[in-house]
Amino acid sequence: HILEGMQRQWNAFDYQGVLLFSDCDSNKEMECLKRFYAQGVDGVIFLNCDNPENVKDFVIQKQMKVLFANHTCLYAPFLDVEERRGGEILGSYCVSQDMERILSVIVDKEKGAKRERGFRKAYENAAKSCTYEMVEIQSPVDAYQQAKHWIHCDFDVIICENEIIALAILKYFHEVFVHVPQNISIICFGNREISSFSYPSLTTMTCDYAAFGSNLVEEMIAMIEMRAPKWKDVSWKLSEKESTRSH
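What comes next concerns the included structure. Values in this document were obtained by computation on a predicted structure and should not be read as measured data.

Rules and cut-offs
Residues numbered from 1 in each chain as written. Predicted model: local features only at pLDDT ≥ 70, side-chain atom pairs only at ≥ 80, totals over all residues. Heavy atoms only, no water. Phe/Tyr/Trp six-rings, centres within 6.5 Å; stacked < 30°, edge-to-face > 60°. Helix = DSSP H or I, 4+ residues; strand = E, 2+ residues; numbered from the N terminus. Buried < 20%, exposed > 50% of the residue type's maximum accessible area, 1.4 Å probe, protein only. Lys NZ or Arg CZ within 6 Å of the ring centre and 35° of its normal. Pairing = 2+ DSSP bridges. Right-handed = clockwise from strand over helix to strand, strands pointing away. Salt bridge = Lys/Arg side-chain N within 4 Å of Asp/Glu carboxyl O. Core = buried A, V, L, I, M, F, W, Y, C linked by side-chain atoms within 4.5 Å. Contact = heavy atoms within 4.5 Å.

**Quick word on the packing of aromatic side chains**
Each aromatic ring pair is described using two quantities: the centre-to-centre distance and the angle formed by the ring planes. All told, the structure shown has eight aromatic pairs when counted by the stated rule. For the ring pair F68 and Y75, a centre distance of 6.1 Å and an interplane angle of 80° mean the geometry is edge-to-face. Centroid distance Y209 to W236: 6.3 Å. Interplanar angle 85°. Geometry classified as edge-to-face. On the criterion of sequence distance, the pair formed by Y209 in helix α9 (residues 209–225) and W236 in the loop between α9 and β9 (237–239) is long-range, its members being 27 residues apart. Comparing Y209 with W236 shows no difference in burial state: the two are buried. Clustering of aromatic rings is evident, with ring pairs tying together F46, F68 and Y75. If you follow R115 out to its NZ or CZ, it ends over the ring of F189, 3.6 Å from the centre.

Here's what the structure looks like:
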């Protein structure tokens, strides 16, 4: 979705975007940056970066226009999708549903940690306590296979990083007659149409990642054209459906 938003914004302003993949490897990032500099690009957007400090000297020496996504940077602009804010809004919802035992199933450890901080803040603000366990998985198949361990842990809710993970867990629960949400609630990040067609339909937490991608390109173009950026709204929204209940 981020790339879709970036593409739309490039097209709207008649700019050409080029993608290079570094796999968050600092050496590859430097190679990509040097290649872009040699090509005379107007600017570089880092969607994922091992550490902005690794390219600092080159960026400053060559006076390159760079922008970092979801990385705090002291020498160049950055934009953050505010994963922590998403976690806080979700935490407030779980507080309202009297959920105290939470399992978070993640793939991206950094993103999961940001959401956890926001989630815990919501409970602190409400003077409520909770147990929050985070499990890192490799794939939906992994989630499906591990779900057998979670049905005996008395969780109130399982929070999934995306819809596919939620569907994998939901499939296992159906097979062993664990009822959602009567026995346990499920919430997932993301809001693709598939979340509405599962049974039960999935309560979702999402922000407009396409708008965030558009904002990244808008920020870069504004830097190039030396004007103020015009950002789109990227606020978080919770859509309550059938997979959650009050505990």
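**A closer look at unusual backbone geometry**
Both trends apply: most residues other than glycine have a negative phi, and most peptide bonds are in trans. The omega torsion of the bond from V180 to P181 falls at 5°, within 30 degrees of zero and hence cis. Within the element layout of this structure, P181 appears in the loop between α7 (163–175) and β7 (185–189). Geometrically, the link from Y199 to P200 is a cis peptide bond, its omega value of -5° lying close to zero. As for its placement among the helices and strands, P200 is situated in the loop between α8 (194–197) and β8 (203–206). Positive phi is not limited to glycine here, since F177 has a value of about 60°. One can find F177 in the loop between α7 and β7. The class of F177 is exposed, set by a relative accessible area of 65%.

**Quick look at the pairing of strand β5 (residues 131–136)**
As judged from the six bridges shared by strand β4 (residues 101–106) and β5, these two strands associate in the parallel manner. Opposite I106, over in β5, you have E136 as the bridge partner. Between β4 and its parallel partner β5, the chain crosses via helix α5 (residues 109–125), and the hand of that crossover is right-handed.

**Some points on the pattern of salt bridges**
Scanning the model with the defined rule gives 11 salt bridges in all. Across the pair R101 and D156 runs a salt bridge whose closest N-O atoms are separated by 2.7 Å. Of this pair, R101 sits in strand β4 while D156 sits in the loop between α6 (140–150) and β6 (157–160), and the two are 55 residues apart along the sequence. Overall, the relative accessible area of 28% leaves R101 in the partly exposed class. We classify D156 as buried; its relative accessible area is 5%. One salt bridge in this structure joins K171 and E175, with 2.3 Å as the shortest N-O distance. Remark: E175 and K171 occur in helix α7; sequence separation between them is four residues, near one turn of the helix. Salt bridges linked by common partners bring R101, D154 and D156 together as one network.

**A few points about the nonpolar core**
Counting 33 residues, the largest nonpolar core has L90, C94, I102, F119 and Y123 as the members making the most contacts within it. Of all the elements, α9 adds the most residues to this core, at eight residues. Among residues more than four places away in sequence, those in contact with C94 are M99, F119, Y123 and I187. By size, the runner-up hydrophobic cluster in this structure holds 22 residues, among which are V105, V180, I184 and C188.

**Observations regarding the sheet that holds strand β3 (residues 78–79)**
Strand order in the open sheet formed by three strands is β1-β2-β3, with parallel pairing between adjacent strands. Of all strands in the sheet, those with a lone pairing partner are β1 (44–46) and β3, marking the two edges.

**Here's the deal with the environment of C160**
Tracing the sequence through the fold places C160 in strand β6. A relative accessible area of 1% places C160 in the buried class. If we ignore the near neighbours within four places in the chain, the residues touching C160 are V105, I165, A166, I169, I186, I187, C188 and F189.

**A few points about the pairing of strand β2 (residues 66–69)**
Residue alternation in β2 divides its side chains into two sets, V66 and F68 and L67 and A69, and both sets are buried. Inspection of the sheet shows β1 paired to β2 by three bridges, in the parallel sense. Directly across from F46, in β2, lies its bridge partner F68. In this region the chain leaves β1, passes through helix α3 (residues 56–62) and returns to the parallel neighbour β2; the handedness of that crossover is right-handed. In this structure, β2 lies alongside β3, joined through two bridges in parallel fashion.

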